[in-house]
Amino acid sequence: MTGEPIEAVKNGVQVMISSLRQNPQAIETAFISIITFDSEAKQVVPLTDLASFQMVDIRATGTTSLGEALKLVSTCIDNEVTKTTAEQKGDWKPLVFIMTDGIPTDDWQIGLEEFRKRKTAFTVACAAGSAADSALLKLITENVVSLDTADSQSIAKFFTWVSASIGVSSTKVEDGGQEVTGMGELPPPPAELNIVT
Amino acid sequence: MSQSSTITFFNEPGKTVKSVPSITTPGKNYQYVDNGEPMRGGMKDVYFGPDKSYVVAFYRDKQDYNSRERLKKLVTQYYDSFFNREGGEYYKELYCWPTDMVETSDGKVGLVVPTYNKNFFFKQGYATSEGIKGKEKQGLWFASAKFRHPQFALRLDESELGNWLSYFQICVKIARGVKRLHAAGLAHSDLSYKNVLIDPVSKSATIIDIDGLVVPGLYPPDVIGTADFIAPEVLATKHLALRDPTRKHANRTTDLHALPVMIYLYLLYRHPLKGGKVNSLDTEQDDLLSMGEKALFIEHPTDHSNQPKMDQVSKWTLPWADVAKLPYTITGPYLKALFDQAFVTGLHDPNQRPNADQWEQALLKTTDLMQPCSNPKCQQKWFVFDNTTSPTCPFCGTPVKGTLPVLDLYFEFKPTVWRPENHRLMVYHNQYLFQWHVNRHVVRNEKLTDEQKIPVGYFTFHHNKWVFVNQKLTSLKDLTEDKEIPVNTMVDITDGKKLLLSTEEGGRVVVITMANK
Ligand SMILES: Nc1ncnc2c1ncn2[C@@H]1O[C@H](COP(=O)(O)OP(=O)(O)O)[C@@H](O)[C@H]1O
Ligand SMILES: [Mg+2]
């Protein structure tokens, strides 16, 4: 990702953080980490609470090491998400948002195998622009969002949507489902996004 | 005519004023501004009217027959019975009640709701940035210890926080709002800090999201509630099918769980059920059990297993997370008794939960036990007298200086036999006495007349002694000295003295004890 799309992602993250910082539920509960992947996968922001989160420069050029990224997110989950023990309450399952504008250039299947062993509340993959392969992302998660063009507007919309999905809402009766703790289901996507089903 | 009834016209680019007809008053239309980015809740998209005096809130989902009938009743029959009768004005403050119902040509149902009062939007917000200036004051900002921690990066400005007494007044208003709903046979079903806006500055509270109201037996509830406020029995049975007869739904008694949770949160800035006990090694399952089937009060008087673990709590939640330092007993004896009833006896036994009226009365009586803290830097400014001989402020540790008159109220049980009323008034400099202290037939609630809100006298520390200045009591008598105290004179307040406040039917006797001698 270069040029306009990467700038838009940086902007998107920043807007998301400032919008989450206006949401007391999010400040109370959410921690954020950022992993970038190009020729390698790097955790550029370790899991940090919203109040102390500091934006860093995000760079992603050239290749697309999606497999490495999936491996790294798996080890980060192991190391940073507190597990419940008999003595101490743990963290909720993480939400994972993957955004890519290209085709993986490494052995993504090995990474995916690792990632599958981790439990997430949900994983959303976003195919930004026509070069991304949403069919492949479908193998990682059912929730794939595709942006027709990776321009700043649609990327901004995606981040708005991500922010909205991190928050508490009243639990509907029909749900009867598992979530009680706020990280509920995804809100309906804005019209400009296409959900791949 | 196949023309759409939704008229659309443009005035500025990107901003469209639309119009939608009322379904209760034929011919009436409401305009709203659609800029493509409505405010979004869990169920509705919300648009301002052109002058921002009201909003139109559209349900994203189609509403079925039941729901439409329920909404129609809320904006007509219930609206009238709440507001278009004597005393109705008072309740307008307590709720943000929809005034009308609309429907677009394509069948989208919406509600017309007055815009939240401007004191429910932050004037200042954060202490160190503009981040939330102008945003809604949803309750969680004030129910969490973090946002009032003097070192937390995203703390609220001191000017937004009010003092401890403000939260008693706020809780009284919430309790009154719930009381009135229940009196009408309604249940809110989703009381939470999201659905009650509060303003510690003006000491007000308003219940929003009225559209989820349940009429028991008549209409099924829409939601089971918001995490943190859902009653244990509802959580414990939520896996059952919707129509399973053993499944528990939101109703009046679940409101009576949510209400004390809210009161506890606003007075102690911690959740009454979120402690250190682990009920399952699966985090999500643990959450469900800890708030549902296995819910246990963190300050249970005998079972201490759910007390917060001090080595595990975030430093930003201190000192409030420390139940040893700030136990719930600092809220005074009346509230302690009700918290026990709500979180010990009634936690898993819905019918034992205190009702809203009991909460209102206990909160009000507790304000009679409050003392201003003499430390100008004290964050809370007020505290409840702890019934000890040498009281100190539990928040900053400042001891009370000088003597403290304590007045115990008695009523005439039968001629010449007076009984204590379990109601005590703590005196402080320049404190007022009111009709509701003088006569037991005057009940301190929203029905008080303006006349009844005028003080009848005041206490003051004058020339090194405590006195009561009588402004309006026509039959005040010092029983100890056997002396009438006419209006515009004063009487010394001394240890052991008895005063008859009124000779009228219901008039009380107060017995004075001097504390902190
Ligand atoms: N009366 C109102 N005045 C101002 N803003 C409002 C009003 N009603 C709703 N809103 C805004 O719209 C949002 C969603 O409204 P809400 O009634 O909570 O909908 P939902 O039932 O979908 O949760 C609120 O959080 C608030 O920002
Ligand atoms: Mg809402």
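Below you will find a few notes about this structure. Predicted model only: the values in this text are computed from it and were never measured.

## As for the pattern of salt bridges
Residue and element names in this part refer to chain A. A full pass over the atoms with the stated rule returns 40 salt bridges over all chains. With its nearest N and O atoms 3.0 Å apart, the salt bridge here joins lysine 10 to aspartate 57. In this pair, lysine 10 sits in helix 1 (residues 3-20) while aspartate 57 sits in the loop between strand 2 (41-49) and helix 3 (66-80), placing the two residues 47 residues apart along the sequence. Of the residues examined, aspartate 57 reaches a relative accessible area of 44% and is grouped as partly exposed. Between arginine 118 and aspartate 78 there is a salt bridge, with its nearest N and O atoms 2.7 Å apart.

## Notes on the sheet that holds strand 7 (residues 100-103) of chain B
Residue and element names in this part refer to chain B. The strand order 4-5-6-8-7 describes an open sheet built from five strands, whose pairing is antiparallel. In this open sheet, the two strands that pair with only one neighbour each are strand 4 (39-40) and strand 7. Bridge analysis of strand 7 against strand 8 (residues 109-114) gives four bridges, and the strand direction is antiparallel. Paired with aspartate 100 across the strands is valine 112, a residue of strand 8.

## Describing helix 1 (residues 65-83) of chain B
Residue pairs spaced three or four apart in an α-helix point in one direction, given the helix's 3.6 residues per turn. All names here are of chain B. Helix length check: helix 1, at 19 residues, gives a terminal C-alpha distance of 26 Å against a target of 27 Å (1.5 Å per residue), a fit within 8%. A maximum bend of about 40 degrees is found in helix 1 at leucine 74. Listed in full, the buried residues belonging to helix 1 are Ser67, Arg70, Leu71, Leu74, Val75, Tyr78, Tyr79, Phe82 and Phe83.

## Focus on the site of ligand 1
Residue and element names in this part refer to chain B. Around ligand 1 lies a shell of 15 residues, among which Met43, Lys44, Pro114, Glu136 and Asp209 are the nearest. One nitrogen or oxygen atom from the side chain of glutamate 136 is found 2.3 Å from an oxygen atom belonging to ligand 1. Compared with its free state, where it exposes 540 Å², ligand 1 has 86% of that area covered by protein. Sorting the residues of the shell around ligand 1 by element identifies strand 4, strand 5 (44-48) and strand 8 as the ones contributing at least two each. Partitioned by chemical class, the residues of the shell around ligand 1 number eight nonpolar, three polar and four charged.

## Observations concerning unusual backbone geometry
Residue and element names in this part refer to chain B. For the bond running from leucine 318 to proline 319, omega is 5 degrees, close enough to zero to count as cis. Among the structural elements, proline 319 can be located in the loop between helix 8 (283-291) and helix 9 (333-345). Residue aspartate 209 is not a glycine yet carries a positive backbone phi of 55 degrees. Positive phi, normally seen in glycine, also occurs at tyrosine 269, with a value near 55 degrees. In this fold, tyrosine 269 is placed in the loop between helix 7 (252-268) and helix 8.

## Comments concerning the sheet that holds strand 20 (residues 483-484) of chain B
Paired through their backbone hydrogen bonds, the strands of a sheet run either parallel or antiparallel. Residues and elements named next belong to chain B. The six strands are arranged 15-14-23-22-19-20 in an open sheet whose pairing can be described as antiparallel. Each edge of the open sheet is held by one strand with a lone partner, namely strand 15 (417-426) and strand 20. Inspection of the sheet shows strand 19 (residues 477-478) paired to strand 22 (residues 498-500) by two bridges, in the antiparallel sense. Bridged to lysine 477 within strand 22 is leucine 500.

## Thoughts on the interface of chain B and chain A
Facing 49 residues of chain B, the contacting portion of chain A comprises 33 residues. When chain B packs against chain A, close to 3,400 Å² is buried across both sides, 53% of that on carbon and sulfur atoms. Taken as a group, B:Lys238, B:Thr283 and B:Glu284 account for 16% of the area that chain B buries against chain A, more than any other trio of residues on that side. Linking chain B with chain A are four salt bridges, by the criterion used here. Counting across the interface, chain B meets chain A through 14 residue pairs in polar contact (both at pLDDT 80 or more). Looking at the side of chain B that touches chain A element by element, the count peaks at six residues for helix 8 of chain B. Considering only residue class, the side of chain B that touches chain A consists of 20 nonpolar, 13 polar and 16 charged.

## Re the packing of aromatic side chains
Residue and element names in this part refer to chain B. This model, assessed by the stated rule, comprises 41 aromatic pairs over all chains. Ring centres of tyrosine 32 and tyrosine 47 lie 5.2 Å apart, and the angle between their planes is 50 degrees; on these two criteria the pair is classed as tilted. One end of the pair, tyrosine 32, is in strand 3 (residues 29-34); the other, tyrosine 47, is in strand 5, and 15 residues separate them in sequence. An identical accessibility class is assigned to tyrosine 32 and tyrosine 47; each is buried. Judged by centre distance (4.9 Å) and plane angle (50 degrees), the ring pair of phenylalanine 459 and phenylalanine 468 falls under tilted. The residues phenylalanine 459 and phenylalanine 468 share a single accessibility class, namely buried. Put simply, the rings of Phe122, Tyr126, Trp141, Phe142, Phe147, Phe152 and Trp316 pair up and form one aromatic cluster. Over the face of the ring belonging to phenylalanine 413 we find arginine 419, whose NZ or CZ atom lies 3.6 Å from the ring centre.

## Quick word on the nonpolar core
As a rule of thumb, nonpolar side chains are buried together in soluble globular proteins. Core analysis: the biggest nonpolar cluster contains 147 residues, and A:Phe158, B:Tyr95, B:Trp97, B:Ile174, B:Tyr266 and B:Leu267 have the highest contact counts within it. At 11 residues, helix 7 of chain B tops the list of elements feeding residues into this core. Leaving out residues up to four positions away in the same chain, B:Ile174 has contacts with B:Val196, B:Ile198, B:Ala205, B:Ile207, B:Leu259, B:Met262 and B:Tyr266.

Rules used throughout
Sequence order as written defines the numbering, with residues in each chain counted from 1. Here the convention is simple: chains get letters from A, ligands get numbers from 1, in the order in which they are written. The predicted nature of this model means local features are confined to residues of pLDDT at least 70 and side-chain atom pairs, given and counted, to a pLDDT of 80 or more, with totals for whole chains, interfaces and linings taken over all residues. Side-chain metrics rest on all non-hydrogen atoms present in the structure, leaving aside hydrogens and water. Put simply, a salt bridge is a Lys or Arg side-chain nitrogen that is within 4 Å of an Asp or Glu carboxyl oxygen. Each helix corresponds to a stretch of at least 4 residues labelled H or I by DSSP, and each strand to a stretch of at least 2 residues labelled E; elements are numbered beginning at the N terminus. Exposure classes here rest on a 1.4 Å probe applied to the protein chains alone. A residue is buried below 20% of its type maximum, exposed above 50%, and partly exposed in between. Only when DSSP finds a minimum of two bridges between them are two strands counted as paired. An expected span of 1.5 Å times one less than the residue number is assigned to each helix. Note that bend, as reported per residue, equals the angle between axes fitted to the 7 residues terminating at that residue and the 7 residues originating from it. Being near a molecule or strand, for a residue, comes down to having at least one heavy atom within 4 Å of it. For this analysis, a polar contact is any N or O atom pair within 3.5 Å, provided that within protein one partner can donate a hydrogen and the other can accept it, and provided that sequence-adjacent residues contribute only side-chain to side-chain pairs. Computed by Shrake-Rupley with a 1.4 Å probe, the accessible areas treat only the displayed protein chains as cover when residues are assessed. Residue polarity follows a fixed list, in which Ala, Val, Leu, Ile, Met, Phe, Trp, Tyr, Cys and Pro are nonpolar, Asp, Glu, Lys and Arg are charged, and the others, Gly among them, are polar. Contact between two residues is taken to exist if any of their heavy atoms lie within 4.5 Å; hydrogens are not considered. Accessible area that two parts lose when put together, with a 1.4 Å probe and added across both, is what the buried area reports. Pairing of aromatic side chains requires ring centres within 6.5 Å, counting the rings of Phe and Tyr and the six-membered ring of Trp. Pairs whose planes differ by under 30 degrees are stacked, by over 60 edge-to-face, and all others tilted. Put simply, a charge is over a ring when the Lys NZ or the Arg CZ is close to the ring centre, within 6 Å, and near the line of the ring normal, within 35 degrees. Put simply, buried Ala, Val, Leu, Ile, Met, Phe, Trp, Tyr and Cys residues joined by side-chain atoms within 4.5 Å make one nonpolar core.

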